[in-house]
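# Descriptive structure summary
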Amino acid sequence: MANPVPPFGLRLPPDLKAWVKLEAYSNRSSQNSEIIRAVRERMERSKPTTGESLQAEAPAVGPNDTALQGGPITHGL
């Protein structure tokens, strides 16, 4: 049976990669599972309290979004 979730390439800085690897080893899970767990925890903390959907809050993304293209993220600098 084919995997229903297509692969998603993710580049992590070396320190984050090492942390994910250590967490996976410590929890006897895969690195993929650790990344999913971390993202889901962040999603839970970010849920609106008014019952609105997170998708309604997501900004539109254009083709020139440098973060999506792997460019530097400046956070308004």
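The text that follows walks through the structure, step by step, so that each part is easy to find. Because the structure is predicted, anything quoted here is derived from the model rather than measured.

### What about unusual backbone geometry?
Phi at R28 is positive, roughly 50°, even though this residue is not glycine. Structurally, the position occupied by R28 is in the loop between α1 (14-26) and α2 (31-46). Residue classification places R28 among the exposed residues on the basis of a relative accessible area of 81%.

### A few points about the side chain of E34
Turning to its location among the elements, E34 is positioned in helix α2. One polar contact links E34 to N27, side chain to side chain, over a distance of 3.2 Å. There is a polar contact of 2.8 Å between the side chain of E34 and the side chain of R37. Those residues in contact with E34 that sit more than four places away from it in its chain are V20, E23, A24, N27 and S29.

Scoring rules and cut-offs
- Residues numbered from 1 in each chain as written.
- Predicted model: local features only at pLDDT ≥ 70, side-chain atom pairs only at ≥ 80, totals over all residues.
- Heavy atoms only, no water.
- Helix = DSSP H or I, 4+ residues; strand = E, 2+ residues; numbered from the N terminus.
- Buried < 20%, exposed > 50% of the residue type's maximum accessible area, 1.4 Å probe, protein only.
- Polar contact = N/O pair within 3.5 Å; in protein donor to acceptor, adjacent residues only side chain to side chain.
- Contact = heavy atoms within 4.5 Å.

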